[in-house]
Amino acid sequence: MAVPSTYRDQHFKGSRVEQERLLSQSCTLYVGNLSFFTTEEQIHELFGKCGDVKRIIMGLDKFTRTPCGFCFVEFYLRNDSENAIRFVNGTRLDDRIVRTDWDAGFIEGRQYGRGKTGGQVRDEYRTDFDGGRGGWGKMIQQKVATSAAANN
Amino acid sequence: MSRRKRDDGYEHGYRKRRRVVSEQAEIEDRLESLIIRVGDKTSSSLESNLEGLASVLEADLNTYKSKILRILSECPIQMPEKCTIYSTLVGLLNAKNYNFGGEFVEQIVRNLKEALREGQWESARLIVRFISDMVNCHIVSASSLLQLYDSFIDAAMEQGVPQVRRDWYMYALLTALPWVGRELFEKKENDLERIMAAMEGYLRRRNTAHVAALRVWNCDTPHPQEEYLECLWAQVRKLRTDEWQERHIYRPYLAFDSILSEALQHNLPVILPPPHTASTQYPLPWVVFRMFDYTDCPEAGPLLPGTHSVERYLIEEHLHQIITRHHNERKELATQLLAFPQRNKIPLEYMIVEVLFSELFQMPSPRYLEIAYGCTLIELCKLQPSTMPQVLAQATELLYERIDTMNATCFDRFVSWFSYHLSNFQFRWSWDDWQNCLSLEKDHPKAKFVSEVFGKCLRLSYHKRVTEMVPECYSPLLPPKPEPYFKYQIEGGNGFPGAAQVQTLTELLRKKPTPEEVLELVQQLPNPLKDDDGDMEPSHNPLAIEVFVQTLLHLGSKSFTHTFAGLAKYHSVFKNICENEEAQICMLRQVYELWQHHPQFLGVVVDKMLKTQIVECCAVANWIFSRDMALEFTRSYIWEVLHLTIRKMNKHVVRLEKEVADARAKLRAAPSDSESSDEDPSREGGEKRRRTSSNKEATKDDGEQPTEEMVERMEERLEAAQSDQKNLFLIVFQRFIMILSEHVVRCDTDGKDFNTFWYQWTVGRLQQVFMAHHEQVEKYSQTLETLLFTHDLDGNILDTFRQFQALRS
């Protein structure tokens, strides 16, 4: 099985021990590096190959309320979510390598991007062009916009 | 002072003991790791490693004997590919220390007996093979091995027990013979011939009615699809004509012949197979999957061993063992498969692909998740980009060419794998090569395959992507845009009955009303079923259902989550207007009408409705076979829905069964109060106990100790569930029989051939129900035989039932 990642949600409310306990029993996965255009249906189809999916919570831009490239997938059974990490993590959906990781369990509010501009933080400082995730990074877009305004 | 001294002494002794314990544990760990790793790649030769390890172990035998015995007897079972390495190691130890050899034999015999008793058939088989190989290393005498074989032959000849049991004893012997055949041929040729003759007799008299149900293809061209025992028998017979010489097994003991031939041998004790009991489960039979022969592989490369050469079996088994060991780590699995020891002597990519597909297509069900095979094939393509994708494309091409005779279950798995694989490789495929499917009937398996693949690709991507991935000429097979079909919104939609109320309800729902408010509006709709006299109250109101279901689902059509929210919030409305089966079928019709262009959505909604008990399993089954769904009858998604419905029911029953079994076990474990009060005739005592028992029941509610009454209640629930399950299977099979019989009769009167594509698909789907749920269907086999699958039935329909019965006969 893929080595568990060392990432820990910094906004987790509770002790580190509690967080580790929840992660080790969780049936919920964080799924990242999705295209903004990937739908809940597609995710259901792919993850459904590993077991019965309980619910999917799409990650949304906190201002525009549109998908911003991540989601949570909750299974009924721990074993099914383990299979999803084994067999889906690192394969493609909409031509992008999907990344899966354990999540301590969805809490209302976590579906929103935590970046200043509303989406995920990783999309603020990117310096590459990613058509599936809104083009250039947000900071670059802002710079371009301000300089264009100045030129006018 | 003296006290301190004593303390010191104590402390000192304690520490020393602890140090000794940890030192011992350390040495044991080291020995374990040495034994486990022997034979893995190192710079020095295997022979010198084995020699060295034997000396190390010999020196430690006195101190760590039980540990060494345990590890040495488990390794050849855990790592069957290293069987000969461990037999050599044990042989060397036996040569040095005869007593240890004897104890090892005792240990391994104990393990075999336990595995047989516990029904761990695969372990037992590997132990038999290892014991056989121990004859090659002069640990066990050939004559005592033959005695073991004879008792297995006796077990295979036993009358009045299931064939699957007898088969296993035959199989265990046959799979050991490639290891020890040569040795027995040289030393005990007559006995070996006697055993071969007994096997031949057994195989000739065997019933093979199950084969048809287990085959991937119902056709033997170009490659015969043989039953596993028959195929293995042919391979072993071929081995005999080659004077028991095979070329795959690496035998390190040959290098130690001079040492080993000096060693004294042990006799195996008599090992009697434990008798059959009604609850013993045996492995199901299977059919050996063949898709390649040597002409499929490149001419310049190594030769693919023939179907009946024992090397083909040995290599395949080895590959299966690698899959067993690494099935949870796909990258490691792909690496290990490609690092196969004799990779230069065989067309490895072809054999890997054949073995992986054989597991994916395994009937009744694959060992592991289908996606586990899919992602392993992806890894293999990434790891070996120069050859693997081509071999896989060639395999896909062959599977497509032979799809006319593929069974419906494997057809579905093939569609599912191929679309998944494409989605990982930018949906690139040489579609031009398959244009011949466009001129075929739409129910022809090739046309069906292509359109089902498009449908599945669509689920993993989006409509534009799928239409752009194929040449334009494929458009007749492309799925429509997956959108809700809301008839009230299209032109002229106002004319539908209830259109005005749909409008009102839509506006109401936007204001997030309570379920009661919605119900009130819905119930005001006139009931078209009500006749003018109005004396008979109709079972349901179809117009109310239509308006409510279509409007609610349409408003939630944005995503699954939106729909689920609607179903949850207005659950009580559903329960109220869809009380009985007719109403539920009416509701399903509405779901279908709205989602007819989006099979995935339809399936997910039905699944949710089953989970939330808005709809019953039987209603779904009856709906699928209803006239309304006739047009969709040969499409795979309909069957996906049927299977998820049956699975839902099965899961429910299995859960209740487990609950009852657990509670019963708990009740037995703790001395029950009612029993003790029975023992106590005195009234007072009895009363007192009754009081304590009611106290207990109070604590028990949080899952502590169940009482007799609670278990009885659970059993009642289970019985009710089992009766529902039986009813569901009866409905499904009866509908199959009706629809198939009608078809046959109709063709007969019209003077047409009944054997159409439609007929083949439907029989295939019937077979699929038997296979996919065989463990549950089996419980009702008797009922099905007396009620449904009676002798007057059409022979073709009856055959599917007989094949299913033969699975465990």
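Just so you know, the residues in each chain are numbered from 1, in the order the chain's sequence is written. Written order decides the labels, with chains lettered from A and ligands numbered from 1. Only residues with pLDDT of at least 70 get local features here, since the model is predicted, and only at 80 or more are side-chain atom pairs given and counted; chain-wide, interface and lining totals rely on the full set of residues. Hydrogens and water are ignored here; the side-chain numbers use all heavy atoms of the structure.

- The name given to chain B in an unreviewed UniProt entry is Nuclear cap-binding protein subunit 1, with the source organism recorded as Daphnia pulex.
- UniProt positions are given in the numbering used here, feature names are shortened, and annotations may be inferred rather than shown by experiment. Its UniProt record gives chain B a comment under Subcellular location (unreviewed entry), which states: "Nucleus".
- Its UniProt record gives chain B a comment under Sequence similarities (unreviewed entry), which states: "Belongs to the NCBP1 family."

- Within an unreviewed UniProt entry, the label attached to chain A reads Nuclear cap-binding protein subunit 2, and the organism entered is Daphnia pulex.
- Checking UniProt for chain A, the heading Sequence similarities (unreviewed entry) contains the comment "Belongs to the RRM NCBP2 family."
- Quoted verbatim from the Subcellular location (unreviewed entry) field of the UniProt record, the comment on chain A reads "Nucleus".

**As for the overall build of chain A**
Argument step 1. Across its full length, chain A holds five helices and six strands.
Argument step 2. Per the convention used, a helix needs a DSSP run of H or I reaching at least four residues, while a strand needs a run of E reaching at least two, with both numbered from the N terminus. Along its sequence from the N terminus, chain A presents helices and strands in the succession α-β-α-β-β-α-β-β-β-α-α.
Argument step 3. Principal axes of the C-alpha set define a box for chain A whose edges measure 60 × 35 × 25 Å.
Argument step 4. For every residue, the accessible area (1.4 Å probe, protein chains only) is compared with the maximum for its type, and the residue is labelled buried under 20%, exposed over 50%, or partly exposed between those bounds. In chain A, which comprises 152 residues, the share counted as buried stands at 53%.
Argument step 5. In chain A, once contacts between residues fewer than 6 apart in sequence are set aside, the share between residues at least 24 apart is 62%.
Argument step 6. Computed by Shrake-Rupley with a 1.4 Å probe, the accessible areas treat only the displayed protein chains as cover when residues are assessed. Per element, the accessible surface of chain A, about 7,600 Å² overall, is 58% carbon and sulfur.
Argument step 7. Side-chain charges of chain A comprise 22 positive and 20 negative groups, with the mean position of each set lying 6 Å from the other. By definition in these notes, contact holds between two residues if any of their heavy atoms fall within 4.5 Å. When charges are tallied, Lys and Arg are placed among the positive residues and Asp and Glu among the negative ones, while His and the ends of the chain are skipped. Note on charges: their place is set at NZ of Lys, CZ of Arg, CG of Asp or CD of Glu.

**Looking at the interface of chain A and chain B**
Size of an interface: often given as the accessible area lost when the parts come together.
Argument step 1. With 25 residues of chain A at the interface, the matching set in chain B holds 31 residues.
Argument step 2. Contact between chain A and chain B buries roughly 2,400 Å² in total, counting both sides, with carbon and sulfur atoms accounting for 46%.
Argument step 3. Buried area: the sum, over both parts, of the accessible surface (1.4 Å probe) that disappears when the two are put together. Of all residues in chain A, Glu-41, Lys-49 and Phe-87 of chain A give up the largest surface area on contact with chain B, accounting jointly for 28% of the area buried on that side.
Argument step 4. Take a side-chain nitrogen of Lys or Arg and a carboxyl oxygen of Asp or Glu: if they are within 4 Å of each other, that pair is a salt bridge. At the boundary of chain A and chain B, one finds five salt bridges.
Argument step 5. Note that Glu-45 of chain A and Lys-456 of chain B form a salt bridge whose closest N and O atoms lie 3.8 Å from each other.

**Some points on the environment of Val-453 of chain B**
All names here are of chain B.
Argument step 1. With respect to the helices and strands, the residue Val-453 is situated in helix α18 (residues 445-460).
Argument step 2. Put simply, Val-453 and Ser-48 are 405 residues apart on the chain and 55 Å apart in space, counted from C-alpha to C-alpha.
Argument step 3. In contact with Val-453, other than residues within four places in its own chain, are Val-415, Phe-418, Ser-419, Leu-422 and Trp-431.

**A look at the environment of Leu-303 of chain B**
All names here are of chain B.
Argument step 1. Position of Leu-303 relative to the elements: it lies in the loop between α11 (257-262) and α12 (310-326).
Argument step 2. Given the relative accessible area of 62%, Leu-303 is considered exposed.
Argument step 3. When residues no more than four places from it in sequence are discounted, the contact partners of Leu-303 are Tyr-294, Lys-345, Ile-346 and Pro-347.

**With respect to the domain arrangement of chain B**
Residue and element names in this part refer to chain B.
Argument step 1. By the assigned domains, chain B splits into domain 1 (23-261) and domain 2 (306-477).
Argument step 2. Each of domain 1 and domain 2 was reduced to a C-alpha centroid, and the two centroids are 33 Å apart.
Argument step 3. Across the domain 1/domain 2 interface, buried area totals approximately 2,400 Å², and carbon plus sulfur atoms make up 56% of it.
Argument step 4. Scanning the region where domain 1 abuts domain 2 turns up four salt bridges.
Argument step 5. Close ionic contact of Arg-325 with Glu-81 constitutes a salt bridge, the shortest N to O distance being 2.5 Å. Domain segmentation is taken from an automatic or database assignment of domains.

**Here we look at helix α2 (residues 40-47) of chain A**
Argument step 1. Burial of α2 of chain A is extensive: eight of the eight residues sit out of reach of the surface.
Argument step 2. Where α2 of chain A is concerned, the buried positions are Glu-40, Glu-41, Gln-42, Ile-43, His-44, Glu-45, Leu-46 and Phe-47 of chain A.

**Overview of the packing of helix α15 (residues 370-383) of chain B against helix α17 (residues 408-424) of chain B**
Helix-helix packing is described using two parameters, namely the angle between the two axes and the distance between the axes.
All names here are of chain B.
Argument step 1. Axis separation between α15 and α17 bottoms out at 10 Å; the angle between their running directions is 40°. With respect to α17, the axis of α15 lies oblique. Note on packing geometry: the crossing formed by α15 with α17 is right-handed. Contacts between α15 and α17 involve Glu-370, Ile-371, Gly-374, Cys-375, Leu-377, Ile-378 and Cys-381 from the former and Arg-413, Ser-416, Trp-417, Tyr-420, His-421 and Asn-424 from the latter.
Argument step 2. Nonpolar residues are Ala, Val, Leu, Ile, Met, Phe, Trp, Tyr, Cys and Pro. Charged residues are Asp, Glu, Lys and Arg, and all others, Gly as well, are polar. Its residues assigned to classes, the contact of α15 with α17 comprises seven nonpolar, four polar and two charged. The axes used here are C-alpha line fits, helices contributing only the stretch in contact, and every angle between their N-to-C directions lies in the interval 0 to 180 degrees. The cut-offs work like this: below 35 degrees is roughly parallel, past 145 is roughly antiparallel, 65 to 115 is roughly perpendicular, and the gaps in between are oblique. Left-handed describes a crossing whose near helix is turned anticlockwise from the far helix by less than a right angle; the clockwise case is right-handed.

**Structural notes on the sheet that holds strand β2 (residues 53-60) of chain A**
Hydrogen bonds along the backbone pair up the strands of a sheet, which may run parallel or antiparallel.
Residue and element names in this part refer to chain A.
Argument step 1. Any two strands with at least two DSSP-identified bridges between them are counted as paired. As summarised here, the arrangement of the four strands in space is β2-β3-β1-β6, forming an open sheet in which the pairing is antiparallel. Both edges of this open sheet fall to β2 and β6 (99-103), since each of them pairs with a single strand only. Adjacent strand axes in the sheet meet at a mean angle of 25°, parallel and antiparallel pairs treated alike.
Argument step 2. One ladder, built from six bridges, connects β2 with strand β3 (residues 67-75); its direction is antiparallel. Opposite Val-53, over in β3, you have Phe-75 as the bridge partner.

**Regarding the pairing of β2 of chain A**
Argument step 1. Burial analysis of β2 of chain A places six of its eight residues in the buried class, the great majority of the element.
Argument step 2. In sequence, β2 of chain A turns back onto β3 of chain A through a hairpin of six residues, with Arg-65 of chain A there showing a positive phi of about 60°.

**A word on the UniProt feature "domain: MIF4G" (unreviewed entry) in chain B**
Argument step 1. Mapped onto this numbering, the UniProt entry gives "domain: MIF4G" (unreviewed entry) at residues 28-240 of chain B.
Argument step 2. For the annotated span residues 28-240 of chain B, helix accounts for 79% and strand for 0% of the residues, and the straight-line distance between the end C-alpha atoms is 43 Å.

**Focus: the pairing of β3 of chain A**
On a regular strand, each side chain points to the face opposite its neighbour's, so the side chains alternate between the two faces of the sheet.
Residue and element names in this part refer to chain A.
Argument step 1. With respect to burial, β3 is a largely interior element, eight of its nine residues being buried.
Argument step 2. Summarising the sheet, strand β1 (residues 28-32) and β3 pair through four bridges and their orientation is antiparallel. Counted as the bridge partner of Thr-28 is Glu-74 from β3.

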